[in-house]
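Understanding the architecture of this molecule
Next come the chains, spelled out residue by residue.
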Amino acid sequence: MSKLTMVEALNLALAQEMDRDANIVLMGEDIGVNGGVFRVTKDLQSQFGENRVLDTPLAECGIVGTAVGMAVYGLRPVVEIQFSGFTMQAFDQIEQNMARLHNRTQGKYTVPMVLRTPYGGNIRAVEHHSESREAYWAHTPGLHVVIPSGPRNARALLAAAIRSDEPVIFYEPKAIYRAFREEVPDSPELLEIGKANLVQEGSDITIISYGAILRTCIEAAQDLQEDHNLSADVIDLLSVSPIDTETIANSVQKTGRCLIVNEGQRTCGIAAELIARINETCFEYLEAPIKRLTGFDTVFPYFQVEEHFLPECEEIVSTVKSIVAWE
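Scope of this entry: the structure provided in the associated data block. Owing to the predicted nature of the structure, the values given are computational and were not obtained by experimental measurement.

To continue, consider the sheet that holds strand β10 (residues 205-209). Judged by pairing direction, the sheet is mixed, and its five strands sit side by side in the order β9-β11-β10-β13-β14 without closing on themselves. Of all strands in the sheet, those with a lone pairing partner are β9 (197-200) and β14 (291-295), marking the two edges. Adjacent strand axes in the sheet meet at a mean angle of 25°, parallel and antiparallel pairs treated alike. In terms of strand pairing, β10 meets strand β11 (residues 232-236) through five bridges, oriented parallel. Directly across from isoleucine 208, in β11, lies its bridge partner isoleucine 235. Seen against the sheet, helix α8 (residues 214-228) touches β9, β10, β11 and β13 (258-265) and runs at an angle of roughly 170° to β11.

Right, let's talk about the packing of aromatic side chains for a bit. Tallied over the full model, the rule gives six aromatic pairs. Here the aromatic rings of phenylalanine 38 and tyrosine 177 are separated by 5.0 Å at their centres, their planes lie at 50°, and the arrangement is tilted. A residue pair is termed long-range when its members are at least 10 positions apart, and phenylalanine 38 in the loop between β2 (24-28) and α2 (44-48) and tyrosine 177 in the loop between β7 (168-173) and β8 (182-184) qualify at 139 residues. Between phenylalanine 83 and phenylalanine 86, the aromatic rings sit 6.1 Å apart at their centres with planes inclined by 85°, giving edge-to-face as the arrangement. Taken together through their ring pairs, the aromatic side chains of Phe38, Phe83, Phe86 and Tyr177 make up a single cluster. Here the basic side chain of arginine 215 rests over the ring of phenylalanine 180, its NZ or CZ set 3.8 Å away from the ring centre.

Quick look at the side chain of threonine 206 now. Tracing the backbone through its elements, the reader meets threonine 206 in strand β10. A distance of 2.9 Å separates the side chain of threonine 206 from the side chain of threonine 255, its partner in a polar contact. Setting aside chain neighbours within four positions, we find threonine 206 in contact with Asp233, Ile235, Ser251, Val252, Thr255, Arg257, Cys258 and Leu259.

Within a beta sheet, neighbouring strands are joined by backbone hydrogen bonds and run either parallel or antiparallel to one another. The strand order across the open sheet formed by seven strands is β3-β2-β4-β5-β7-β6-β12, and the pairing between neighbours is mixed. Sheet topology places β3 (53-55) and β12 (239-241) at the edges, where each strand pairs with a single neighbour. Shown here is a sheet whose adjacent strand axes are inclined to one another by a mean of 20°, direction ignored. Pairing of β2 with β3, which is carried by three bridges, proceeds in the parallel orientation. From the neighbouring strand, leucine 26 faces β3, where its bridge partner is valine 53. The strands touched by helix α3 (residues 60-72) are β2, β4 (76-80) and β5 (114-119); relative to β2, the strand with the most contacts, the crossing angle is about 170°. Its contacts with the sheet put helix α7 (residues 151-163) on β2, β4, β5, β6 (144-146) and β7, and the angle it makes with β7 is roughly 165°.

What counts, and where the lines are drawn
Counting of residues starts from 1 at the beginning of each chain's written sequence and follows it residue by residue. Whole-chain, interface and lining totals are the exception, using all residues; otherwise, since this is a predicted model, local features are given only for residues with pLDDT of at least 70 and side-chain atom pairs are given and counted only at 80 or more. Side-chain metrics in this entry use all non-hydrogen atoms of the structure; hydrogen atoms and water are not considered. Two strands qualify as a pair provided DSSP detects at least 2 bridges between them. Helix numbering and strand numbering both begin at the N terminus, where a helix is a DSSP run of H or I of at least 4 residues and a strand a DSSP run of E of at least 2. Where helices are involved, their axes are fitted lines through C-alpha atoms of the stretch in contact, as for all axes, and angles between N-to-C directions lie from 0 to 180°. Contact between two residues is taken to exist if any of their heavy atoms lie within 4.5 Å; hydrogens are not considered. To pair, rings of Phe, Tyr and Trp, with the six-membered ring standing in for Trp, must have centres within 6.5 Å; the planes then decide the type, stacked if under 30 degrees apart, edge-to-face if over 60, and tilted in the middle. A ring has a charge above it when a Lys NZ or an Arg CZ is no more than 6 Å from the ring centre and no more than 35 degrees off the ring normal. Under the rule applied, a polar contact is a pair of N or O atoms within 3.5 Å (in protein, one hydrogen donor and one hydrogen acceptor; residues adjacent in sequence only if both atoms are side-chain atoms).

The following block contains the structure:
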């Protein structure tokens, strides 16, 4: 068992899956010779050859459209879009073909492909490089949307996504690509797509999050325990489509209170969907209104002020205290 960063864990998942299945092909801009903009595909072209790790033109729509065709005819392409903001250039192929082809052909064809892309803020990037657009894809029928929160679950979820017969959008929180290391087993692991993880247990409130900001929630939960004697269930969604409503409901029915934290914009976001589901399944158990901390309904700001856009630990702590104090 080795201690790996998320970048290293994702690279390991790709290498192990490609070694296991010769039908897996990687495609993307600069992923071969250069190993990708964040080096997730480092050395894979030299290991597996140019026919399986393909450097493509700068054409996101063409990359995804080509991958859809390859998937229909028996390959398992894994495409990389350099930043999630550039998936908009491939929106037509994702929504019209990648997501719909199985339904359009009444099940005759499947589209077993993965679209990997870095997402989220807190890396002081320029425009179109820090978006959190997961709600777009979660709203799109036919897609699974997976978001890991650390090296070990990133490796296990990517392997599961590659093996899935459903098309998967795999959002990688780039703020934690190299932020910390975790022990990752040498042998392959799989996690069930659509199953959340109860990261820590408590009794006073449920905090739900995913991606990079989960670590901020865990920090806030520790501060609440140490400084205010409040304990929290912390749930890592891991997948925003499908959503593990059962795990969420079991927790909220126990604690009676809930806070949802995510980076994406507030209106029609993942937090809004979670609130609706909790009201539908847990309304009679609630001791206080559900609250959400999210990004603002603005374009993600430039790096000089991006810290004001993202929910912070102190804000999570104060919001939890207000929920617990509600009468």
